[in-house]
Amino acid sequence: MKIGATLNYSPLDHAARWFGRFLPKGLYARALIIIIAPVILLQSVVAYVFMERHYELVTRRLSSAVTADIAALIDIYESYPQDRNTSTLSRIASERLQLDVDILRNTDLPPPGPKPFFDILDETLSNELRRQIDRPYWIDTVGRSSYVEVRIKLDQSDVMRVLARRSQAYASNSHIFLVWMGGSSFVLLGIAILFLRNQIRPILRLAEAAEALGKGREIDFRPRGAREVRQAGHAFLEMKRRIERNMEQRTTMLNGVSHDLRTILTRFKLSLVFLEQTPEVEDLKRDVDEMSRMLEGYLAFARGEGGDAGEQAVETDLRQLLEEVQSDAERQGHVTELEIVGDPMITVRPDAFRRLLFNLVGNAARHGDRIEITANHETRWLVLHVDDDGPGIPSEMREEVFKPFVRLDEARNQDEGGSGLGLAIARDVARSHGGDIVLGDSPLGGLRATVRLPA
Ligand SMILES: Nc1ncnc2c1ncn2[C@@H]1O[C@H](COP(=O)(O)OP(=O)(O)OP(=O)(O)O)[C@@H](O)[C@H]1O
Ligand SMILES: [Mg+2]
């Protein structure tokens, strides 16, 4: 079945997910890993192969050559016993072979010294000595730093001592290769980091711009960087323009409709004045009045949106704003409590945000006696509750009342005329800041309106 197939993750997917949990989340870090991991892998392989093959081979060749020289010297020594003081032998050795040779009379080999833990030179040289000369020997590769000493038992009494430079028997400066390899890869990484930084910055800028647009903040964004990133940037700008055009179109249309209707209503009112004032005409007048009030509300709604889009988001003191709202509610005779936790500075469009607060607190004041406002801005989000002790709104109506012109008051109190736009406007403001408003139950027994804004 198709669904089953898509729900079944292969072991490979599982492995990838498991592995993904340990990877850094940032693009920058991931891109760096993509570069660093192969470099390290490559270097390890190369270093290993180099050490294993080249280094060992070269050392073996060099050791073999030195051993061959020593073997030749032993040959000469034994073939020309007339050269008793070995001056010719020493001369040939030091001039032609760069070896320092002398013969120690009436001595024995010293006891074998401690073996170095892992020394390729000691090992290969010993092997070569056994293979090419096959006599008792003694070597010291650690005693003197730049020399290697070899002693070979020639017969019962004599021992030949040979001093060779360490570099003669050993690929001693091979580590230079590793230094170069490490050094060059550091330079490579440095360059990669610089370039990556420049490649990733435009992506971050795009993300910031998109976030700012969601919060309704003004953005100064120009597409930069690699072609694909620029493409995404242009698409983003195009989208932003389309949204703005759409909003503008809607506002113009609403304005036009409301304006035309207002003209006709005004003519209506004028005609009514000239009619005889019967109860029916009074009724008609009231209806026309209500209709024009609704229209005013509509116009304000339409204008509000258009106007808000032009307002700049700035750092605003939440405490000052809320105290203003509080004292306004208290003037109307409501017990109003205010509590602010965390940073009181928020970045919002102040006029729009004030309208949101006044709408919510105005609702609470209309329906309840006690009002409680609590704001929490301890994280990147501002969470603001407006509680009252009124009748509340049944949960199935809580989405409904956000629609423009929806009022539940009709049955409750007809004359305290709202237009039913307050919550619609408030939610509009919250959403244009990248947040939202939800309604719920208040601990005071009435309605709790909760505003959540990234600020
Ligand atoms: N705190 C509240 N307690 C009980 N009901 C409420 C509360 N707030 C809003 N309502 C209900 O939701 C409806 C819609 O509210 P909204 O603020 O959108 O319009 P309004 O207050 O009637 O008019 P306006 O705010 O435009 O003057 C209200 O008519 C009311 O029935
Ligand atoms: Mg209201």
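The rules we used
Residues numbered from 1 in each chain as written. Chains lettered and ligands numbered in written order. Predicted model: local features only at pLDDT ≥ 70, side-chain atom pairs only at ≥ 80, totals over all residues. Heavy atoms only, no water. UniProt positions renumbered as here; feature names shortened; annotations may be inferred. Helix = DSSP H or I, 4+ residues; strand = E, 2+ residues; numbered from the N terminus. Rg over C-alpha atoms; globule rule 2.2 N^0.38 Å. Buried < 20%, exposed > 50% of the residue type's maximum accessible area, 1.4 Å probe, protein only. Contact = heavy atoms within 4.5 Å. Areas by Shrake-Rupley, 256 points an atom, 1.4 Å probe, with all protein chains shown as cover. Lys, Arg positive; Asp, Glu negative; His and termini not counted. Charge placed at Lys NZ, Arg CZ, Asp CG, Glu CD. Axes fitted to C-alpha atoms, helices over the stretch in contact; angles between N-to-C directions. Parallel < 35°, antiparallel > 145°, perpendicular 65-115°, else oblique. Left-handed = near helix turned anticlockwise from the far one by under 90°. Nonpolar A, V, L, I, M, F, W, Y, C, P; charged D, E, K, R; others polar. pLDDT = per-residue confidence, 0-100. Expected span 1.5 Å × (residues − 1). Salt bridge = Lys/Arg side-chain N within 4 Å of Asp/Glu carboxyl O. Phe/Tyr/Trp six-rings, centres within 6.5 Å; stacked < 30°, edge-to-face > 60°. Lys NZ or Arg CZ within 6 Å of the ring centre and 35° of its normal. Pairing = 2+ DSSP bridges.

The protein chain has the name histidine kinase in an unreviewed UniProt entry, where Microvirga arabica is given as its organism. The heading Catalytic activity (unreviewed entry) in the UniProt record of the protein chain holds the text "ATP + protein L-histidine = ADP + protein N-phospho-L-histidine."

Draft legend 1. Quick look at the overall build of the protein chain. On a plain count of helices and strands, the protein chain comes out with 13 helices and 11 strands. Relative to a compact globule of 455 residues, whose C-alpha radius of gyration would be 23 Å, the protein chain shows 46 Å and is clearly more extended. Looking at the 455 residues of the protein chain, the share that counts as buried comes to 35%. Across the protein chain, every contact between residues at least 6 apart in sequence was considered, and the portion connecting residues at least 24 apart equals 65%. Of the accessible surface of the protein chain, which amounts to about 27,800 Å², a share of 58% is contributed by carbon and sulfur atoms. Of the charged side chains in the protein chain, 59 are positive and 66 negative; the average position of the first set lies 8 Å away from that of the second.

Draft legend 2. The arrangement of the packing of helix H3 (residues 27–79) against helix H7 (residues 175–214) in detail. One can describe the packing of H3 onto H7 by two numbers: an axis separation of 9 Å at closest approach and a directional angle of 165 degrees. In terms of their interaxial angle, H3 and H7 are classed as roughly antiparallel. Seen along the crossing, H3 lies across H7 with a hand that is right-handed. Looking at the contact of H3 with H7, its residues break down into 21 nonpolar, three polar and one charged.

Draft legend 3. Molecular detail of the confidence of the model for the protein chain. Looking at the protein chain, the pLDDT average stands at 85 and 92% of residues meet or exceed 70. By mean pLDDT, helix H1 (residues 2–7) is the weakest element of the protein chain at 47, and strand S9 (residues 381–388) is the strongest at 96. Ignoring residues within four places in sequence, the model shows residues 1–5, a span with pLDDT below 50, making zero contacts including any to other chains.

Draft legend 4. Expanded view of helix H5 (residues 120–132). Relative to the 18 Å expected for 13 residues at 1.5 Å per residue, H5 spans 18 Å between its end C-alpha atoms, a close match to the ideal helical length. Restricting attention to buried positions, one finds in H5 the residues Ile-120, Leu-121, Asp-122, Thr-124, Leu-125, Ser-126, Glu-128 and Leu-129. Each element contacted by the buried residues of H5 is listed here: H3, strand S2 (137–140), strand S3 (147–153) and helix H6 (166–169). Once H5 ends, the next one or two residues include Asp-134, with phi positive near 55 degrees.

Draft legend 5. Looking closely at the pattern of salt bridges. Scanning the entire structure with this criterion turns up 25 salt bridges. Among the salt bridges present, the one from Arg-135 reaches Glu-78, with a minimum N-O distance of 2.9 Å. Remark: Glu-78 occurs in helix H3 and Arg-135 occurs in the loop between H5 and S2; sequence separation between them is 57 residues. Overall, the relative accessible area of 38% leaves Glu-78 in the partly exposed class. One salt-bridge network, held together by shared partners, links Glu-399, Arg-427, Arg-431 and Asp-436.

Draft legend 6. Local environment of the UniProt feature "transmembrane region" (unreviewed entry) in the protein chain. Per the UniProt annotation, the sites labelled "transmembrane region" (unreviewed entry) are residues 27–51 and 175–196. Taken end to end, residues 27–51 is 100% helix and 0% strand, and its two terminal C-alpha atoms sit 36 Å from one another. Secondary structure content for residues 175–196 is 100% helix and 0% strand, while the C-alpha to C-alpha distance between its ends is 31 Å.

Draft legend 7. Up close: H7. Between its terminal C-alpha atoms H7 stretches 57 Å, which fits the 58 Å expected from 40 residues at 1.5 Å a residue. Burial in H7 covers these residues: Met-181, Ser-185, Leu-189, Ala-192, Leu-196, Ile-200, Pro-202, Leu-206, Ala-209 and Ala-212. Residues of H7 that are buried in the fold lie against H3 and helix H8 (227–273). Taken from the residues just after H7, Gly-216 is the one with a positive phi, measuring 75 degrees.

Draft legend 8. Examining the packing of aromatic side chains more closely. Applying the stated rule across the entire model yields two aromatic pairs. Judged by centre distance (5.0 Å) and plane angle (65 degrees), the ring pair of Trp-18 and Phe-22 falls under edge-to-face. Highlighted residues: Trp-18 and Phe-22, both in helix H2 (residues 11–22), separated by four residues, approximately one helical turn. By relative accessible area, which is 58% here, Phe-22 ends up exposed. Residues Phe-221 and Phe-236 carry aromatic rings whose centres are separated by 5.7 Å and whose planes lie at 85 degrees to one another, so their mutual orientation is edge-to-face. One end of the pair, Phe-221, is in the loop between H7 and H8; the other, Phe-236, is in helix H8, with 15 residues separating them in the sequence. One Lys or Arg, Arg-151, reaches over the ring of Trp-138 and ends 5.2 Å from the middle of that ring. Across from the ring centre of Phe-402, 3.7 Å away, lies the NZ or CZ of Arg-427, which sits over that ring.

Draft legend 9. Region of the structure containing the UniProt feature "domain: HAMP" (unreviewed entry) in the protein chain. In the numbering adopted here, UniProt assigns the feature "domain: HAMP" (unreviewed entry) to residues 197–248. For the annotated span residues 197–248, helix accounts for 77% and strand for 0% of the residues, and the straight-line distance between the end C-alpha atoms is 38 Å.

Draft legend 10. Molecular detail of the sheet that holds strand S6 (residues 335–342). Strand order in the open sheet formed by five strands is S6-S8-S9-S11-S10, and the pairing between neighbours is mixed. Among the strands making up the open sheet, the edge pair consists of S6 and strand S10 (436–441). Sheet twist, expressed as the average angle between the axes of neighbouring strands with direction ignored, equals 15 degrees. Examined bridge by bridge, S6 and strand S8 (residues 370–377) share eight bridges and lie parallel to one another. Residue Ile-340 lies in a different strand from S8, and its bridge partner there is Ala-375. Sitting on the sheet, helix H11 (residues 350–367) is in contact with S8, S9, S10 and strand S11 (447–454), with an inclination near 25 degrees to S9. Its contacts with the sheet put helix H13 (residues 422–432) on S10 and S11, and the angle it makes with S10 is roughly 130 degrees.

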